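A look at the structure
Read off the chains here:
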Amino acid sequence: MSKPPELQHDLERSLPAIASISSSLSQSQGFSPYFLSPEKRKAISDVRRTFCLFVTFDLLFISLLWIIELNTKVGIKENLKDEIINYQFKTSFFDIFLLALFRFLVLLLGYAVLRLRHWWVIAVTTLVSSAFLIVKVILSELLTKGAFGYLLPIVSFVIAWLETWFLDFKVLTQEAEEERWFLAAQAAASRPLLYPRALSEGQFYSPPESFAGSDNESDEEGVGRKALTTQEKEYVRQGKEAMEVVDQILAQEENWKFEKNNDFGDVVYTFEIPFHGKTFILKAFLQCSPEMVYQEVILQPEKMILWNRTVAACQILQRVEDNTIVSYDVAAGAAGGVVSPRDFVNVRRIERRRDRYVSSGMSTTHSLKPPLSKYVRGENGPGGFIVLKCPSNAKVCTFIWILNTDLKGRLPRYLIHQSLAATMFEFAFHLRQRVAELCSKA
């Protein structure tokens, strides 16, 4: 059995979610190069543009305060002459204005014109501003000029440090995440198909149709089917165990406890499973065919990173048999970075039934992916994705995500629960966007 190549380091450290995402059997060939084309990316990111606007605000606000200070008593002209032509370090505000102009020119040159991705430029401007203002306050007589003697140095000092915070914690961090996501998307799009034959529109590869309670066990040896090893049989057993729990959860919908909903009508429920604890359940109504969701979410998980930023990476480690695979999933950090990225090794079982498509799974181990020091290894209980068909309308479906996860680490339980619900809503949002994009192209 061939082993898929390891994910790149950048791909594994990619992006924004808490729990691992379902993984399955194939990738689709129909992905537009327009989406991945580097020249189509924005010349300057939205967060960097916001930073540049804030730097401009810095100059304009300091200028406004200085003009207000000048327009007192003898008038602007006389005060300008006194503060610029007859400049004195101890009494003039002109140098504070020049300091704001210095920050404006240097920062825009570095981060708008040259588009640097390092903090050294703003470190210089903040150091110079802080040192100058401290010396100014100590040696000058500005404090004798009333309110403006306090206001201008304080405002200039605070804005300089706000710019540093915004660049370091927002601009550089977000752009690094976007770059890793872009590289991961390129890596996913460039991988060869697991199934080399082309998939035409409306034609999907999937496991054989399964029936609840069927005696047709896919792990049994048959004509033309290789014998499974002891480990592979264990993977199959785990997949079936997860499927049984998922079926039990679906059968007890009346016992689900409402937790949250959103403006799209998506609802998150919880349900207590014996021996596994609290399970989160997302239920969303989608205006698209169930086959489309089946294809996007269950059959091609490795390309989910192209449209779903809650997924950092997904790699199929082993295809055990027609219905069972083992995957490696990386979920991005959440809650503003409080929850660090988690990785998972999952066994997945996929079944097609007359009224639904099901991908169930739970955590397992695999020799290709031992625990890594850079990630906290999470553990998933039984869960998965379900796509319910609508008997009266083939163009709509109900999507259900059952999530039972232990993120490990020392995290407050309330934070985990809030993050999981928010992650599920975010996933539904990205999925709804994706199907709307595909429907518009159809």
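Below is a summary of the structure that appears in this document.

Cut-off values and rules
Residues numbered from 1 in each chain as written. Predicted model: local features only at pLDDT ≥ 70, side-chain atom pairs only at ≥ 80, totals over all residues. Heavy atoms only, no water. Axes fitted to C-alpha atoms, helices over the stretch in contact; angles between N-to-C directions. Helix = DSSP H or I, 4+ residues; strand = E, 2+ residues; numbered from the N terminus. Parallel < 35°, antiparallel > 145°, perpendicular 65-115°, else oblique. Contact = heavy atoms within 4.5 Å. Nonpolar A, V, L, I, M, F, W, Y, C, P; charged D, E, K, R; others polar. Buried < 20%, exposed > 50% of the residue type's maximum accessible area, 1.4 Å probe, protein only. Patch = residues over 30% accessible without salt bridge, like charges linked within 9 Å, V, L, I, M, F, W, Y side chains within 5 Å. Areas by Shrake-Rupley, 256 points an atom, 1.4 Å probe, with all protein chains shown as cover. Salt bridge = Lys/Arg side-chain N within 4 Å of Asp/Glu carboxyl O.

Considering the packing of helix H5 (residues 94–113) against helix H6 (residues 120–139)
Orientation of H5 relative to H6, taken along the N-to-C sense of each, is 175°, at an axis distance of 9 Å. One finds that H5 runs roughly antiparallel with respect to H6. Counted together, Asp95, Ile96, Leu99, Phe102, Arg103, Val106, Leu107 and Tyr111 of H5 and Trp120, Val121, Ile122, Thr125, Val128, Ser129, Phe132, Leu133 and Lys136 of H6 form the full contact between these two elements. When the residues that make up the contact of H5 with H6 are grouped by side-chain class, the tally is twelve nonpolar, two polar and three charged.

Considering the side chain of Thr270
Take Thr270: it is sitting in strand S2 (residues 267–273). The buried category is assigned to Thr270, whose relative accessible area is 5%. Apart from residues no more than four positions distant in its own chain, Thr270 is found in contact with Trp256, Lys257, Glu259, Lys278, Thr279 and Phe280.

Details of a nonpolar patch on the surface
There is a patch of nonpolar side chains on the surface, built from Ile134, Val135, Val137, Ile138, Leu139, Leu143, Tyr150, Ile154, Phe157, Val158, Trp161 and Leu162 and spanning about 1,100 Å² of accessible area. Within the residue set of the nonpolar patch, elements represented by two or more residues are H6 and helix H7 (147–190). Residue position: Leu162 is located in helix H7.

A short note on the packing of helix H3 (residues 46–70) against helix H4 (residues 76–85)
Orientation of H3 relative to H4, taken along the N-to-C sense of each, is 110°, at an axis distance of 8 Å. Relative to H4, the element H3 is oriented roughly perpendicular. On the side of H3, the interface is formed by Trp66, Ile67, Glu69 and Leu70, while H4 contributes Ile76, Asn79, Leu80, Glu83 and Ile84.

Digging into the pattern of salt bridges
Two side chains carrying opposite charge are able to pair once their charged atoms lie near each other. All told, the structure shown has 21 salt bridges when counted by the stated rule. For Arg353, the salt bridge identified is with Asp247, shortest N-O distance 3.0 Å. Here Asp247 lies in helix H8 (residues 230–251) and Arg353 lies in the loop between strand S6 (342–352) and strand S7 (356–363), a separation of 106 residues in the sequence. Residue Asp247 is classed as partly exposed on the basis of its relative accessible area of 24%. One salt bridge in this structure joins Asp266 and Arg432, with 2.8 Å as the shortest N-O distance. Taken together, the residues Asp266 in the loop between strand S1 (257–261) and S2 and Arg432 in helix H10 (residues 413–441) connect sequence positions 166 residues apart. Take Asp266: its relative accessible area is 0%, and that puts it in the buried class.

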